[in-house]
Amino acid sequence: MSTHEPGGVGAGAEHGEEFRGTEQDVAEATPEKDLPGGGVEEPVVVDVADVHPELADPEVVAEKVASDREVHAAVGEPLLRMEDVTVQFGGLTAVDGVTFDIRRGEILGLIGPNGAGKTTCFNAMTGVYRPTSGSVVFDGEPVGRKKRFQITQMGIARTFQNIRLFNEMTALENVVVGTDARHRTSVPGAVFRTPRHRREEREGIDRAMALLEFVGVGGRATDKARNLSYGDQRRLEIARALATEPKLLCLDEPAAGFNPAEKEALMDLIRQIRDDGYTVLLIEHDMKLVRGVTDRIVVLEFGKVIAQGTPDAVTSDPAVIAAYLGVPDDATA
Ligand SMILES: Nc1ncnc2c1ncn2[C@@H]1O[C@H](COP(=O)(O)OP(=O)(O)OP(=O)(O)O)[C@@H](O)[C@H]1O
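Procedures and definitions
Residues numbered from 1 in each chain as written. Predicted model: local features only at pLDDT ≥ 70, side-chain atom pairs only at ≥ 80, totals over all residues. Helix = DSSP H or I, 4+ residues; strand = E, 2+ residues; numbered from the N terminus. Buried ≥ 20, exposed ≤ 12 C-beta atoms within 10 Å, placed from the backbone. Contact = placed C-beta atoms within 7 Å. Expected span 1.5 Å × (residues − 1). Arc of directions from axis to C-beta. Pairing = 2+ DSSP bridges. Domains from an automatic or database assignment.

As annotated in an unreviewed UniProt entry, the chain carries the name ABC-type branched-chain amino acid transport systems, ATPase component and is attributed to Sanguibacter keddieii.

Following this line, the structure appears as structure tokens:
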């Protein structure tokens, strides 16, 4: 993935500069150190069932996690449409007249060789870049000139290829920050801790615990994010993105650095996320994972869509084989 981002909050975050978080960035987080480094504290494994006995019941977890936000598109109809989108950087056309749909309820894979324009597409959808021309319509509304926090509120959440967690906050706190994106209490309500605000806080904590459990890190709720293993940090990022109650979850190379067993477990999690009512967009280089989990795939090369369709159709398309699949996995990762 490229590390370029234009100005604004979060710009430069991928370059390791200081993060100046604002409300706009609740669905995102600090860059800081990528992996837990030395001086790791003794892990504290909490039995979630002791703290929240009701979360021992998987049905209760599923109930709390399920997305019940109003979505206008019926299953199978376009939830997001990229219409003839072009993104240029000076003289370079990174995305060139790209048109594709993400259908409600599907897992869509976005693949292509390095530099093909995948991340730029992601960035155009999530408000990081404004397309030079063309439009992005999400759930019937143009993404247009919306700010990033408004796009989060519309229902698009994403994770990043390079993990961005609040490293000094606990896993639970990281996810609670995501639930704040959906709070309806006014600022005075929060300052004076009105009953509504306290209720929202309680619900936020409950939902955050359920999400941690759902992604498989419930036992690490009280650990600082930086002390979680790399794989658990990735899962935590997904929990935080889900905490904003998105309609569309965009995962940017979520399996980067995973071993085969972790990849299998991630595939299960992605399927579960879709089964719980979310639509998923997945950028991923690992073709086994992409083929194993997606319903459809869009292939980019040099900023253009060269193929789209079912995993079988796409992976047997000669243009795709020539552009991408002919390259060994380890050369593209
Ligand atoms: N902010 C930017 N300024 C200038 N060029 C950029 C910027 N962002 C991306 N690019 C360029 O646009 C092209 C597409 O990059 P992009 O990161 O979207 O590709 P990608 O398919 O995500 O690649 P990768 O698989 O390596 O992550 C590349 O040539 C990249 O260098």
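Caption draft 1: Seen up close, the environment of E203. Position of E203 among the secondary structure elements: in helix 7 (residues 195–215). Remark: the alpha-carbon pair of E203 and L242, spanning 39 residues in sequence, is separated by 15 Å.

Caption draft 2: View of the environment of L80. Relative to the helices and strands, L80 resides in strand 1 (residues 78–89). What makes L80 buried here is the crowd of 24 C-beta atoms within 10 Å. Sequence-wise, L80 and E141 are 61 residues apart; in three dimensions their C-alpha atoms are separated by 9.1 Å. With near-sequence residues (within four places) excluded, L80 lies in contact with D101, I102, M125, V136, F138 and L248.

Caption draft 3: View of helix 9 (residues 260–275). In this model, helix 9 (16 residues) spans 23 Å end to end at C-alpha, consistent with the 22 Å of a helix rising 1.5 Å per residue. Restricting attention to buried positions, one finds in helix 9 the residues L266, I270 and I273. One side of helix 9 holds all its buried residues, which, seen down the axis, span an arc of 60 degrees. Every exposed residue of helix 9 that faces more than 90 degrees away from the buried side is listed here: P260, A261, D268 and D275. In the core, the buried residues of helix 9 are packed alongside strand 3 (107–111), strand 7 (248–252), strand 8 (279–283) and helix 10 (287–293). One or two residues past the end of helix 9 sits G277, with phi positive at roughly 105 degrees.

Caption draft 4: Layout of the pairing of strand 3. Of all five residues that make up strand 3, five are buried, and the element is covered over most of its length. Judged by which residues are buried, strand 3 turns out to be covered on both faces: I107, G109 and I111 on one side and L108 and L110 on the other are all buried. Judged from the four bridges that link them, strand 3 and strand 9 (residues 296–301) form a sheet pairing that is parallel. Paired with G109 across the strands is I297, a residue of strand 9.

Caption draft 5: View of the domain arrangement of the chain. With domains assigned, the chain is organised as domain 1 (44–68 + 168–244) and domain 2 (74–155 + 246–333). Domain 1 puts twelve residues into the contact, and the matching count from domain 2 is 13 residues. Going through the elements one at a time, helix 2 (58–65) and helix 8 (230–243) are the ones with two or more residues in the side of domain 1 that touches domain 2. If you tally residues by element for the side of domain 1 that touches domain 2, the top one is helix 8, at five residues.

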